[in-house]
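# Breakdown of the fold
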Amino acid sequence: MDERFSEPSPSLLGRDDPSPVIVANPGGSSPFLLFGDHAGRLTPQSLGDLGLPPEAWERHIAWDIGVAGVGERLAAMLDAPFIRQAYSRLVIDCNRVPGAADSTPEISDGQAIPGNRGLSAADLAARRDEIYAPYQERISQALDERQRLGRPTLLVSLHSFTPVFQGFARPWRFGVLHRGDSDFSQRVLALLRDTFGEAAGDNQPYAMDGIDNTIPLHADARGLDYLELEMRQDLIADAAGQDEVAAIVAEVLRKAL
């Protein structure tokens, strides 16, 4: 069952635009709270296609391919809530601090984003207030409720990465991103390496650093452990792959507890 939240202000999102936040299994009682910063690829009607050709919306620049499907499967397998963003990272990247250069990128992996050029302070504020803020606030609300109920919580941020980036064929199947301060991440990495060896990347293909936003925002203030998991997109591009990878990840998460 999906739970949809808060009809936004009409200044950016109109009456017919979906809510920015979608929650699967909101009452899930497992220790895991799953979320997907880049799981959607919608754009508000007022922004159109941001000046992009249709094929750009199929690329990794627009969304984390496969994450919505994997997250929904994990929510069911683990009895965990899965909170995801409905709008594209090209509208506003919810894993970046608002106002950062790549929060509303003008270029992404060589693709110019015409609809992000010359944005005013009011334009940026509307994207922050109507898309970014409701998403982060929904995560905070879920954490407040879990604290009220006395439920332990591990944050699990789901992402996916393109198999080839700037001509480099990435050898990893999974990547565990961390700052060296997460016991849970280290246990997950060890379990993945038991099966996949070096194809389970330690801070590969990205490292968690100062540009990451969602995990630090919620984990640090509350003293929570976390996992930021990257999955290669060709492995989860269709339903069969999402079934397979979700089963692997669910088993690893259970064992890592």
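Below is a summary of the structure that appears in this document. (Residues numbered from 1 in each chain as written. Predicted model: local features only at pLDDT ≥ 70, side-chain atom pairs only at ≥ 80, totals over all residues. Heavy atoms only, no water.)

## What to know about the overall build of the chain
Selection criterion: Secondary structure elements follow DSSP: runs of H or I no shorter than four residues count as helices, runs of E no shorter than two count as strands, and numbering proceeds from the N terminus. Buried, partly exposed and exposed residues are distinguished by accessible area as a fraction of the type maximum, computed with a 1.4 Å probe on protein chains only: under 20%, between the cut-offs, and over 50%, respectively. Should any heavy atoms of two residues lie within 4.5 Å, those residues are considered in contact.
Counting its secondary structure elements, the chain contains 5 helices and 12 strands. Over its C-alpha atoms, taken along the principal directions, the chain stretches across nearly 50 × 50 × 35 Å. Here the chain holds 257 residues, and 53% of them are scored as buried. For the chain, contacts bridging at least 24 residues in sequence account for 78% of all contacts bridging at least 6.

## Overview of helix α4 (residues 214-222)
Listing the buried residues of α4 in full gives T214, I215, P216, H218 and A219. Buried residues along α4 sit in contact with β3 (32-36), α2 (121-149), β7 (154-161) and β12 (226-232).

## Things to note about the pairing of strand β10 (residues 174-177)
The line we're drawing: We call a crossover right-handed when, viewed with the strands running away from us, the connection from the first strand over the helix to the second turns clockwise.
Residues F174 and V176 line one face of β10 and the alternating positions G175 and L177 line the opposite face, and both faces are buried. For the crossover from β10 across helix α3 (residues 183-196) to strand β11 (residues 200-202), the handedness is right-handed.

## Section: the pattern of salt bridges
Stated formally: A pair is scored as a salt bridge if a Lys or Arg side-chain nitrogen falls within 4 Å of a carboxyl oxygen belonging to Asp or Glu.
The tally for this structure, following the rule as stated, stands at 14 salt bridges. When the shortest N-O distance is used, the salt bridge between D144 and R222 registers 2.8 Å. Of this pair, D144 sits in helix α2 while R222 sits in helix α4, and the two are 78 residues apart along the sequence. With relative accessibility at 40%, the residue D144 sits in the partly exposed group. Linked by salt bridges that have partners in common, R179, D181 and D220 make up one network.

## Some thoughts on α3
Put simply, the rule reads: Here, expected helix span is obtained from the residue count minus one, scaled by 1.5 Å. Note: the arc covers the axis-to-C-beta directions of the helix.
Under the 1.5 Å per step criterion, the end-to-end length of α3 is 20 Å for 14 residues, consistent within 8% with the ideal 20 Å. Within the span of α3, buried status applies to F184, S185, V188, L189, L192 and F196. The arc that holds the buried residues of α3, viewed along the axis, is 135 degrees, so those residues lie on one side. Structural note: α3 exposes D183 and D194 on the side pointing more than 90 degrees away from its buried face. At its buried positions, α3 is contacted by β3, β7, β10, β11, β12 and α5 (239-256). Just downstream of α3, G197 is the residue with a positive phi angle, here 60 degrees.

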